[in-house]
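# Analysis of the macromolecular model
Spelled out, the chains give:
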Number of protein chains: 2
Amino acid sequence: MSYIKKPQDIEKRSFEIIEEELGKKINEFLPNQLPIIKRVIHTTADFEYADLVEMSDDAIDSCLDALKKGGKIYCDTNMIVNGLSKVTLSKYGYSAYCLVSDEKVASEAKERGVTRSIVAIEHAAKDPNTNIYLIGNAPTALFRLKELIDSGEVEKPALIVGVPVGFVGAAESKEILPGSRIPYIVVKGRKGGSPVAVSILHGILYQLHKREGF
Amino acid sequence: MSYIKKPQDIEKRSFEIIEEELGKKINEFLPNQLPIIKRVIHTTADFEYADLVEMSDDAIDSCLDALKKGGKIYCDTNMIVNGLSKVTLSKYGYSAYCLVSDEKVASEAKERGVTRSIVAIEHAAKDPNTNIYLIGNAPTALFRLKELIDSGEVEKPALIVGVPVGFVGAAESKEILPGSRIPYIVVKGRKGGSPVAVSILHGILYQLHKREGF
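None of these values were measured; they are calculated from a predicted model.

### As for the relation of the copies chain A and chain B
Copies of the same chain, two in number, are related to each other by a rotation about an axis and a translation along it. The two copies are related by a screw motion: chain A maps onto chain B through a turn of 180° and a shift of 0.0 Å along the axis, at an RMSD of 0.0 Å. Expressed as an axis order, the relation between the two copies is that of a two-fold axis. Of every C-alpha in chain A, the one belonging to Met79(A) sits nearest the axis of rotation, 2.7 Å from it. Most of the interface of chain A is mirrored in chain B, where 100% of its interface residues again form contacts.

Listed below in structure tokens is the structure:
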């Protein structure tokens, strides 16, 4: 059977198709924003994301600055941790972690009657090395993180990628970041998810890495 | 800030919203298909999936039969392995695995100039315990698996979930299963992905598990 079997060819052709179909819409994005938009569409095959991704003016530069210094990325799902390019991250002194499956977190959440995501992000935010957050699943994690920053208990991070997917609280949780002083990238509305969170960070990371193919 | 913090309430309300918005469309699905459709929409917040998921008549029963016997699930991404409920799977004597990050697979793929997904699925298919496949990323894995089954080198599996996402080969790869003698569940067109593959299997698994909440 005839099908493209070379990985480089597949990725190259994919991004060509995305550019073709984005058409004039490409001009709506700044040069450093476009790789993010294209990566999200590459991951979801959903062009609606071109209208849904919204970011603060300082989001990309703030993240790039942080990536030059090293630190930790808190992810609200293990799928995000798993999807991130750990080889590339480690080159910048970064590691990614998730605490929702932590036993202590689980028992504390049960005791308090709240989501594990809330407890997990409270623990993560206590670590001063955590300065990038990728939230692809739990609106409660995003709400709680914002509370902790607003109250001054937690320092303003370098970037919050807020892309929880879902029907209860997801859209609302993403509305709390625009207008705040926190560098953010969100997907408006219900859509999002772990692969979207991964592709947004990769869209920034690969700019630093000067990797070809997007 | 006021937001729903109890995980059970969030899931329950999410599925209520999905049912409400599906409306009359719910009647298009059989009782054992509906939990799958609802789980995919829950995972993606994308109602288009109600029109895109297609399955063979024997798909769910074939998978349920297999799940009663134990075996292995090959996943074409580590994100799928990571997203699956390993606790529930282990109750049925099942484990999930992925070989794309295997070093031998990587070097063989480089040597042959093909994707790691092709080499990985060839290795997986040689294991007679592998009888469920979850393909959420690589069209080449799906093409190659179908070739191996058609040629008789590999036995017909209990189920192939074919949901590669993307622009090069993804839609085409999913067209080769309908009309075959293989039990399948696919997402037509470009959409799909690792979380979709996970939610489809969970939509079957939880029927067996009689879990509440959908």
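### Concerning a negative patch on the surface
Residues and elements named next belong to chain A. Among the surface-exposed residues, Asp57, Asp58, Asp61 and Asp65 lie close enough to one another that they form a single negatively charged patch. Its location among the elements puts Asp65 in helix α4 (residues 59–69). A relative accessible area of 40% means that Asp65 is categorised as partly exposed.

### Some details on the sheet that holds strand β3 (residues 94–97) of chain B
All names here are of chain B. Ordered in space as β1-β6-β5-β4-β2-β3, the 6 strands form an open sheet in which the pairing is mixed. For this open sheet the edge positions go to β1 (53–55) and β3, each flanked by a neighbour on one side alone. Strand after strand, the sheet turns through a mean of 15° between neighbouring axes, direction not considered. Across 4 bridges, the pairing between strand β2 (residues 71–75) and β3 is parallel. Bridge assignment links Ile73 to a residue of β3, and that residue is Ala96. Lying over the sheet, helix α4 (residues 59–67) contacts β1, β3, β4 (130–135), β5 (159–162) and β6 (184–187), oriented at roughly 130° with respect to β4.

### A few points about the packing of aromatic side chains
The description of an aromatic ring pair uses the distance of the two centres, along with the angle that the planes make with each other. One pass over the structure, following the stated rule, counts 6 aromatic pairs over all chains. Arranged with centres 5.3 Å apart and planes meeting at 75°, the rings of Tyr74(B) and Tyr97(B) form a pair that is edge-to-face. Residue Tyr74(B) is located in strand β2, and its partner Tyr97(B) is located in strand β3; the two are separated by 23 residues in the primary sequence. By the burial criterion, Tyr74(B) is buried, and Tyr97(B) matches it. Through successive ring pairs, a cluster of aromatic residues spans Tyr74(A), Tyr97(A) and Tyr133(A). It is Lys72(A) that lies over the ring of Tyr97(A); its NZ or CZ is 5.6 Å from the centre.

### Focus: the sheet that holds strand β5 (residues 159–162) of chain A
The pairing of strands in a sheet happens through backbone hydrogen bonds and is either parallel or antiparallel. Residue and element names in this part refer to chain A. Strand order in the open sheet formed by 6 strands is β1-β6-β5-β4-β2-β3, and the pairing between neighbours is mixed. The sheet terminates laterally at β1 (53–55) and β3 (94–97), the two strands that pair on one side only. When the angles between neighbouring strand axes are averaged without regard to direction, this sheet yields 15°. Sheet topology note: the strand β4 (residues 130–135)/β5 ladder contains 4 bridges and is parallel. From the neighbouring strand, Tyr133 faces β5, where its bridge partner is Ile160. Contacting β2 (71–75), β3 and β4, helix α8 (residues 116–125) crosses the sheet at an angle of about 160° to β4.

Here is what the cut-offs are and how they apply
- Starting afresh in each chain, residues are numbered from 1 along the sequence in its written order.
- For this description, chains carry letters from A and ligands carry numbers from 1, given in the order in which they are written.
- Only residues with pLDDT of at least 70 are given local features in this predicted model, and only at 80 or more are side-chain atom pairs given and counted; all residues enter the totals for whole chains, interfaces and linings.
- Hydrogens and waters are ignored; side-chain quantities use all the structure's heavy atoms.
- Least-squares fitting of one copy onto the other uses the C-alpha atoms of those residues that reach a pLDDT of at least 70 in both copies.
- Throughout, a residue-residue contact means that at least one pair of heavy atoms, one from each residue, lies within 4.5 Å.
- Each patch is assembled from residues with relative accessible area greater than 30% and no salt bridge, linking like charges that lie within 9 Å and nonpolar side chains (Val, Leu, Ile, Met, Phe, Trp, Tyr) that lie within 5 Å.
- Computed with the Shrake-Rupley method and a 1.4 Å probe, the accessible areas treat only the protein chains shown as cover for residues.
- By salt bridge we mean one thing: a side-chain nitrogen of Lys or Arg within 4 Å of a carboxyl oxygen of Asp or Glu.
- For the purpose of counting charges, residues Lys and Arg are taken to be positive, whereas Asp and Glu are taken to be negative. His and the chain ends are not included.
- By convention, the point assigned to a charge is CZ for Arg, NZ for Lys, CD for Glu and CG for Asp.
- Runs of H or I in DSSP of at least four residues are treated as helices and runs of E of at least two as strands, each being numbered from the N terminus.
- Only protein chains enter the calculation, and the probe is 1.4 Å; a residue is then buried if its accessible area is under 20% of its type maximum, exposed if over 50%, and partly exposed in between.
- Strands were regarded as paired on the criterion that DSSP finds at least two bridges between them.
- Helix axes are fitted to C-alpha atoms over the stretch in contact, other axes to C-alpha atoms as well, and angles between N-to-C directions run from 0 to 180 degrees.
- To pair, rings of Phe, Tyr and Trp, with the six-membered ring standing in for Trp, must have centres within 6.5 Å; the planes then decide the type, stacked if under 30 degrees apart, edge-to-face if over 60, and tilted in the middle.
- A positively charged side chain is recorded as over a ring if its NZ (Lys) or CZ (Arg) lies within 6 Å of the ring centre. The angle to the ring normal must also be within 35 degrees.

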